[in-house]
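Below are the chains, spelled out letter by letter.
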Amino acid sequence: MKLLKIEWLKLRNHKFFWIGMALYALSMIVLITQMGRFAPFDSKNNEGGMIAFQNLADAGLYKLPYIWQHVTYLASFFKFIPAFLLIFFISNEYQYKTYRQNVIDGLSIGQYYISKLYSALIFTAISLLIVTITGFIMALLHNDNIDWTKFLYGTDYLTAFFVEVLFIMMFTMFLTMVFKRSTITVIVILAYYFIAEPLLGLVIGEPVKNYLPTEPSRLLNLQPITRLLGADAFLGNVTPSVVSIKYLLTSTFYTLLLAFGGFLILKKRDL
């Protein structure tokens, strides 16, 4: 609790933390609540009558039991924001040598590292809380007769969202420990996540590519929009309605591996 309190005091008194988290929360809330207004088809001009809805809300974006899959998928577009905030705070401690002062003041290297893990958990927990509250409110607004069994169905996607965000936090924290500079770390993360690993996946193909470091977290919540639009059969696609335990466990494994790797780097580095 002492380490958690120390880390919370650091974050609480930092304006950038509040500004960043406010923008992050606002971005997720706006996308989740306003995405229902998006109209992929103009049903008013649909003479054939194949499209029976005017927007995604009408199509069932917020309907039970799939709402949790929908809202966590939308929220995942912003998962790098808290990770970049964490990069900023850790790299600042390297830049201004405050991490060394923490050790001089009595914290062991292990305790200092655990305090950073607490930061990652705080950011991830806040992310989950925002998505859960927003999804709960949208479900109440868009479902007349709430069946609480259906309400609880699909909440495994909340677990998947937590694991996905925590993996990204550990991934960014590990690379921050390696490079120590926020700019370099952000460039490496974006280049690897969006370019290097996808290209490597194309080269080696399935099923091996599904076990590359970031791929299991991507596969936790595949896009559900084609099912929502009734286009799965037309596209020959099957949208899963439950989280894959295999990818959930694999993502968790990589998360723990990165957390341990970051500790080894910090321990071997001369403070």
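A quick note: this is a predicted structure, and the numbers were derived from the prediction, not measured.

Definitions and cut-offs
Sequence positions are assigned chain by chain, starting from 1 and proceeding in written order. Predicted model: local features are reported for residues with pLDDT of at least 70 only, side-chain atom pairs are reported and counted for 80 or more only, and whole-chain, interface and lining totals are derived from all residues. Excluded from the side-chain calculations are hydrogens and water; all other atoms, namely the structure's heavy atoms, are used. Distance thresholds for patches are 9 Å for like charges and 5 Å for nonpolar side chains (Val, Leu, Ile, Met, Phe, Trp, Tyr), applied to residues having over 30% relative accessible area and no salt bridge. For accessible areas, the Shrake-Rupley method is used with a probe of radius 1.4 Å. Any residue's cover is judged against the shown protein chains and nothing else. Take a side-chain nitrogen of Lys or Arg and a carboxyl oxygen of Asp or Glu: if they are within 4 Å of each other, that pair is a salt bridge. The secondary structure listing takes helices from DSSP runs of H or I that are at least 4 residues long and strands from runs of E that are at least 2 residues long, numbered from the N terminus. Any residue under 20% of the maximum accessible area for its type is buried, any over 50% is exposed, and the rest in between are partly exposed; the area is computed with a 1.4 Å probe on protein chains only. In this analysis, axes come from line fits to C-alpha atoms, helices being fitted only over the stretch in contact, and the angle between any two N-to-C directions falls in the range 0 to 180 degrees. Reported orientations rely on four angle classes, namely roughly parallel under 35 degrees, roughly antiparallel over 145, roughly perpendicular from 65 to 115, and oblique for the rest. Handedness of a crossing is defined here by the sense of rotation of the near helix relative to the far one, left-handed for an anticlockwise turn of less than a right angle and right-handed for a clockwise turn. By definition in these notes, contact holds between two residues if any of their heavy atoms fall within 4.5 Å. Ten residue types, Ala, Val, Leu, Ile, Met, Phe, Trp, Tyr, Cys and Pro, are classed as nonpolar, four, Asp, Glu, Lys and Arg, as charged, and the remainder, Gly among them, as polar. In predicted models, pLDDT denotes the confidence assigned by the predictor to each residue on a 0 to 100 scale. Each aromatic pair joins two rings of Phe, Tyr and Trp (for Trp, the six-membered one) with centres within 6.5 Å, and gets the label stacked for planes under 30 degrees apart, edge-to-face for over 60, and tilted for any other angle.

**Remarks on a nonpolar patch on the surface**
Working step 1: Residues Leu129, Ile133, Phe136, Ile137, Leu140, Leu141 and Trp148 make up a contiguous nonpolar surface patch of roughly 690 Å² in combined accessible area.
Working step 2: Element by element, the count of residues in the nonpolar patch is highest for helix H7 (residues 109–142), at six residues.
Working step 3: Within the secondary structure layout, Ile137 lies in helix H7.
Working step 4: According to the relative accessible area criterion, Ile137 is partly exposed, its value standing at 42%.

**Observations concerning the packing of H7 against helix H14 (residues 245–268)**
Working step 1: Their axes nearest at 10 Å, the elements H7 and H14 cross at an angle of 140°. The angle between H7 and H14 places the two elements in the oblique class. Both H7 and H14 take part in a crossing whose hand is right-handed. On H14, the residues that touch Ile109, Gly110, Tyr112, Tyr113 and Leu117 of H7 are Leu258, Ala259, Gly262, Phe263, Leu266 and Lys267.
Working step 2: A class-by-class count of the residues in the contact of H7 with H14 yields eight nonpolar, two polar and one charged.

**Thoughts on the confidence of the model for the chain**
Working step 1: When the pLDDT values of the chain are averaged, the result is 87; 91% of them are 70 or greater.
Working step 2: The least confident element of the chain is helix H6 (residues 98–104), whose mean pLDDT is 65; the most confident is helix H11 (residues 215–218), at 96.
Working step 3: Considering only residues more than four positions removed or in separate chains, one finds that residues 45–50, a stretch of pLDDT under 50, has one contact.

**Side note on the environment of Lys267**
Working step 1: Examined against the element boundaries, Lys267 turns out to sit in helix H14.
Working step 2: Exposure remark for Lys267: the relative accessible area of 53% places this residue in the exposed category.
Working step 3: When the C-alpha atoms of Lys267 and Gly110 are compared, they prove to be 7.8 Å apart, with 157 residues separating the residues in sequence.

**Focus on unusual backbone geometry**
Working step 1: Of the consecutive residues Leu64 and Pro65, the connecting peptide bond is found in the cis state with omega at 5°.
Working step 2: Looking at where Pro65 falls in the secondary structure, it is placed in the loop between helix H3 (56–59) and helix H4 (67–75).
Working step 3: Following Glu206, the chain continues to Pro207 via a peptide bond in cis, the omega torsion being 0°.
Working step 4: Relative to the assigned elements, Pro207 resides in the loop between helix H10 (182–204) and H11.
Working step 5: In this structure, Lys180 takes a positive phi of about 70° despite not being glycine.
Working step 6: Here Lys180 lies in the loop between helix H9 (156–179) and H10.

**Some points on the packing of aromatic side chains**
Working step 1: This model, assessed by the stated rule, comprises 17 aromatic pairs.
Working step 2: With centroids separated by 5.3 Å and ring planes inclined at 75°, the aromatic side chains of Tyr73 and Phe77 adopt a geometry described as edge-to-face.
Working step 3: By relative accessible area, which is 52% here, Phe77 ends up exposed.
Working step 4: On the numbers, 5.9 Å between centres and 50° between planes, the contact of Phe171 with Tyr192 is tilted. Of this pair, Phe171 sits in helix H9 while Tyr192 sits in helix H10; the two residues are 21 residues apart in sequence, bridging distant segments of the chain.
Working step 5: Relative accessible area serves as the criterion here: at 7%, Phe171 is assigned to the buried category.
Working step 6: Overall, Tyr192 belongs to the partly exposed group, its relative accessible area being 25%.

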